[in-house]
Amino acid sequence: MARSRRRVILIASAVVALVVAGVCAVYFTPMLSVRSIDVDGAVSVSEEQIVAELDVPIGERLVSVDAGAAAQRVAAIPALASVRVQRMYPSTVRVTVTERIPVVFVDEADGTHLLDTTGVDFAVAPPAPGVVRLVTESPGLGDPPTESALAVLDSMPPTLRGQVGEIRASSVSDVSLLLLDGRTLVWGNRDNSERKSAVALALLSQPGQILDVSSPDLPTTK
């Protein structure tokens, strides 16, 4: 019985020693320190800017890296829609980002502002081909006419959206679009957008400068 008890004590002591050694390896040796930072998903935002906002120094103990706080710091970059920071043992911090995609632009005194599909104004830069000009009284996040205009654009099939150069919204129920060929497409509110898109595509082959699908069951052309 005494021999068995001593064996249990020896085994327990060995386990404790291994645990202590492991803790020491994590906290007091460079074995599991940050040696590299990997950035995935960055295109328009530079990796240098992301790493700077991450603020995790090379050599810091990996276990000490607060991934949540680091992600919040990187998420302060306006052009990023989402950020994830992971500790990848033994020695890497991985940052995975999703960039905002511009869908409309707004002309302001200080330049051309790019907005994503949620209405976030995230950059001042020239718009890429296919990005539509937005005209509202107060464009931006939380503005109901802006949200209505963006919802209309989002609902359109590519064949129709590709013909839109400008979208105007004086109110949530008064949305209209200027097509690239100079014609105006009167949309109305954001309701029944699938039906309105189908009718609008059919009207494009008809004469007239103003195509009105605000009442899709009674469309008109002028």
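Just so it is clear, the model here is predicted, and its values are computed rather than measured.

**A closer look at the pattern of salt bridges**
Here is step 1 of the chain: Applying the stated rule across the entire model yields seven salt bridges.
Here is step 2 of the chain: Between Asp40 and Arg94 there is a salt bridge, and its shortest N-O distance comes to 4.0 Å. Of this pair, Asp40 sits in strand β1 (residues 36–40) while Arg94 is found in strand β3 (residues 92–99), placing the two residues 54 residues apart along the sequence.
Here is step 3 of the chain: Two residues, Arg195 and Asp217, come together in a salt bridge whose shortest N-O distance is 3.6 Å. With a gap of 22 residues between them, Arg195 in helix α6 (residues 193–203) and Asp217 in the loop between β11 (210–212) and β12 (220–221) connect regions that are remote in the sequence.
Here is step 4 of the chain: Under the relative-accessibility criterion, Arg195 is labelled partly exposed at 44%.
Here is step 5 of the chain: A residue is classified by how much of its surface remains accessible, and Asp217, at 61% relative accessible area, is exposed.
Here is step 6 of the chain: The structure contains a network of salt bridges with shared partners spanning Asp107, Arg133, Glu166 and Arg168.

**Examining the sheet that holds β3**
Here is step 1 of the chain: With mixed pairing, three strands are arranged side by side in an open sheet as β1-β3-β2. At either end of the open sheet lies a strand with only one pairing partner, and these are β1 and β2 (80–88). On average, each strand axis in the sheet is inclined to that of its neighbour by 15°, with strand direction left out of account.
Here is step 2 of the chain: In the sheet, β1 pairs with β3 via five bridges, with the strands oriented parallel. Residue pairing for β3: Ser36 is matched across the bridge by Thr92.
Here is step 3 of the chain: Relative to β1, helix α2 (residues 47–54) is tilted by about 125°, and along the sheet it contacts β1, β2 and β3.
Here is step 4 of the chain: Relative to the sheet, helix α3 (residues 67–75) contacts β2 and β3, its axis offset from that of β2 by approximately 150°.

**Some points on the side chain of Lys196**
Here is step 1 of the chain: Residue placement: Lys196 occurs in helix α6.
Here is step 2 of the chain: Despite its burial, Lys196 remains without a salt bridge, the nearest opposite charge being carried by Asp191 at 6.7 Å.
Here is step 3 of the chain: At 2.8 Å, the side chain of Lys196 and the backbone oxygen of Trp187 are in polar contact.
Here is step 4 of the chain: If near-sequence neighbours (up to four positions away) are discounted, Lys196 is found in contact with Trp187, Gly188, Asn189, Asp191, Val213, Ser214 and Pro216.

**A closer look at the confidence of the model for the protein chain**
Here is step 1 of the chain: This prediction gives the protein chain a mean pLDDT of 90; 86% of its residues lie at or above 70.
Here is step 2 of the chain: Here residues 12–26 is modelled with pLDDT under 50, and outside its nearest four sequence neighbours on either side it reaches six contacts, counting other chains as well.

**A look at the pairing of β2**
Here is step 1 of the chain: As paired strands, β2 and β3 are joined by eight bridges and run antiparallel to one another. For Met88, the partnering residue across the bridge sits in β3 and is Thr92.
Here is step 2 of the chain: Between β2 and β3, which pair antiparallel one after the other, the connecting turn spans three residues.

What counts and what doesn't
- Residues numbered from 1 in each chain as written.
- Predicted model: local features only at pLDDT ≥ 70, side-chain atom pairs only at ≥ 80, totals over all residues.
- Heavy atoms only, no water.
- Salt bridge = Lys/Arg side-chain N within 4 Å of Asp/Glu carboxyl O.
- Helix = DSSP H or I, 4+ residues; strand = E, 2+ residues; numbered from the N terminus.
- Buried < 20%, exposed > 50% of the residue type's maximum accessible area, 1.4 Å probe, protein only.
- Pairing = 2+ DSSP bridges.
- Axes fitted to C-alpha atoms, helices over the stretch in contact; angles between N-to-C directions.
- Contact = heavy atoms within 4.5 Å.
- Lys, Arg positive; Asp, Glu negative; His and termini not counted.
- Polar contact = N/O pair within 3.5 Å; in protein donor to acceptor, adjacent residues only side chain to side chain.
- pLDDT = per-residue confidence, 0-100.

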